[in-house]
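Descriptive structure summary
Residues per chain are reported as follows:
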Amino acid sequence: MSAEAARAAEILSQLATPLRLRAFAELVHRGTEGASIAELAYTIDVPVQTAGETLARLVGAGLASGTGNGIYRAAPGILRETALALDREQPINLLLGDYPPLRGNFTHGRLTTMPPTLSERYTMLGELLARFLALEGLHDEQTINRRLSAVTDDVAAVRRMLVETGWLERDQAGTTYGAGRPVPRQAPVI
């Protein structure tokens, strides 16, 4: 796990407890006005000491700002930064930058919609996924499925599309796959 992914996991784990999540939600709701420890304790119905401990955890994780008896404010931007950090961890995102028309088909490094068939974008998706797979030699269906599952939930449809567009070839039995054509190393000219 990278340092960014570990940091994201830590931030999200701080919101995994109902009390901290309620406190954070209340701070977000209050916006720039924020809340004191006493106000937060009253609003979320916990003792002042518990509210203070909860706020300290949120501040420590970067999810809030404030100290002592001052005003605490949510720092929701950290969640956006965390999501972006996790997106950078997705294996396809490095290649996806070379295919701007396909960005709308991916969410958080996962293929969520297929472009219309027989269009230029359909062929581009095949090329992108062939570059992602980087196949050398022959592979069984299980290996292909495992690799594709890193970027899509509909492995069978994507594997079929790769065969239909000629980026993957399979044997007569349909159990062994290899590259159907040379995969360009450079980004396409769009």
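The coordinates are above.
This section reports on the structure supplied with the text. Just so you know, these numbers come straight off a predicted model, no measurement behind them. Counting restarts for each chain, with residues numbered from 1 along the sequence as it is written. Where local features are concerned, this predicted model is filtered to residues with pLDDT of at least 70; where side-chain atom pairs are given and counted, the filter is 80 or more; whole-chain, interface and lining totals use all residues. Side-chain measures were taken over the full set of non-hydrogen atoms in the model, leaving aside hydrogen atoms and water.

Things to note about the overall build of the protein
The secondary structure listing takes helices from DSSP runs of H or I that are at least 4 residues long and strands from runs of E that are at least 2 residues long, numbered from the N terminus. Looking only at helices and strands, the protein has nine helices and seven strands in total. Here the C-alpha atoms of the protein give a radius of gyration of 24 Å, more than 25% beyond the 16 Å that 2.2 N^0.38 yields for 190 residues. Summarising its shape, the C-alpha atoms of the protein cover approximately 70 × 35 × 25 Å along the three principal directions. With a 1.4 Å probe rolled over the protein chains alone, any residue whose accessible area is under 20% of its type maximum counts as buried; one over 50% counts as exposed, and the rest are partly exposed. Counting every position in the protein, which comprises 190 residues, the buried fraction comes to 38%. For the radius of gyration, the atoms used are the C-alpha atoms, and the globule rule reads 2.2 Å times the number of residues raised to 0.38.

Regarding the environment of V59
Its location among the elements puts V59 in helix α4 (residues 48–60). For V59, a relative accessible area of 28% corresponds to the partly exposed category. In this view, V59 contacts A64, S65, G66 and Y72; residues no more than four positions away in its chain are not counted. Two residues form a contact once any of their heavy atoms are found within 4.5 Å.

Quick look at the packing of helix α2 (residues 18–30) against helix α3 (residues 37–44)
For any two helices packed against each other, one specifies the inter-axial angle together with the distance between the axes. Axis lines are fitted through C-alpha atoms, for helices just across the contact stretch, and the angle between N-to-C directions can take any value from 0 to 180 degrees. In the contact formed by α2 and α3, the axes pass within 10 Å of each other and the chain directions differ by 115 degrees. Comparing the axis directions of α2 and α3 gives the class roughly perpendicular. As α2 packs across α3, the resulting crossing turns out to be right-handed. Across from L19, R22, A23, E26 and R30 in α2, the residues of α3 making contact are E39, L40, T43 and I44. We call Asp, Glu, Lys and Arg charged. Ala, Val, Leu, Ile, Met, Phe, Trp, Tyr, Cys and Pro are nonpolar, and the rest, Gly among them, are polar. Residues of the contact of α2 with α3, tallied by class, amount to four nonpolar, one polar and four charged. What sets the label is the angle itself: under 35 degrees gives roughly parallel, over 145 gives roughly antiparallel, 65 to 115 gives roughly perpendicular, and the rest give oblique. In this scheme the crossing of two helices becomes right-handed for a clockwise turn of the near helix relative to the far one and left-handed for an anticlockwise turn of less than a right angle.

A few points about the sheet that holds strand β5 (residues 139–140)
Strand order in the open sheet formed by three strands is β5-β7-β6, with antiparallel pairing between adjacent strands. Whereas interior strands pair on both sides, the edge strands pair on one side only; in this sheet they are β5 and β6 (168–170). Note that β5 and strand β7 (residues 176–179) share two bridges and pair antiparallel. Counterpart to H139 in the pairing with β7 is Y177. Running at roughly 95 degrees to β6, helix α9 (residues 155–164) makes contact with β6 and β7 of the sheet. Strands are treated as partners if at least two bridges between them are detected by DSSP.

Focus: the packing of α3 against α4
With their axes 8 Å apart at the nearest point, α3 and α4 run at an angle of 110 degrees to one another. The orientation of α3 relative to α4 falls into the category roughly perpendicular. Of the residues in α4, those in contact with I37, L40 and A41 of α3 are V48, A51, G52 and L55. Its residues assigned to classes, the contact of α3 with α4 comprises six nonpolar, one polar and no charged.

Quick notes on the side chain of Q14
Take Q14: it is sitting in helix α1 (residues 3–14). Overall, the relative accessible area of 5% leaves Q14 in the buried class. Looking at Q14, its side chain comes within polar contact range of the side chain of E10, at 2.7 Å. Polar contacts involving the side chain of Q14 include one to the side chain of R57, which spans 3.4 Å. Those residues in contact with Q14, other than ones at most four positions away along the chain, are R20, R57, A61 and L63. Think of a polar contact as two N or O atoms within 3.5 Å of one another; within protein, one of them needs to be a possible hydrogen donor and the other a possible acceptor, and neighboring residues in sequence only count if both atoms come from side chains.

Quick notes on the pattern of salt bridges
The term salt bridge refers to a pairing of a side-chain nitrogen on Lys or Arg with a carboxyl oxygen on Asp or Glu at a separation within 4 Å. The tally for this structure, following the rule as stated, stands at five salt bridges. The shortest N-O distance in the salt bridge between R30 and E26 comes to 2.8 Å. Here the residue R30 and the residue E26 both occupy positions in helix α2, the gap between them amounting to four residues, near one helical turn. Of the residues examined, E26 reaches a relative accessible area of 15% and is grouped as buried. The shortest N-O distance in the salt bridge between R131 and D98 comes to 3.3 Å. In this pair, R131 sits in helix α7 (residues 120–133) while D98 sits in the loop between α6 (93–96) and β3 (106–107), placing the two residues 33 residues apart along the sequence. What emerges from the salt-bridge pattern is a single network uniting E26, R30 and E39.

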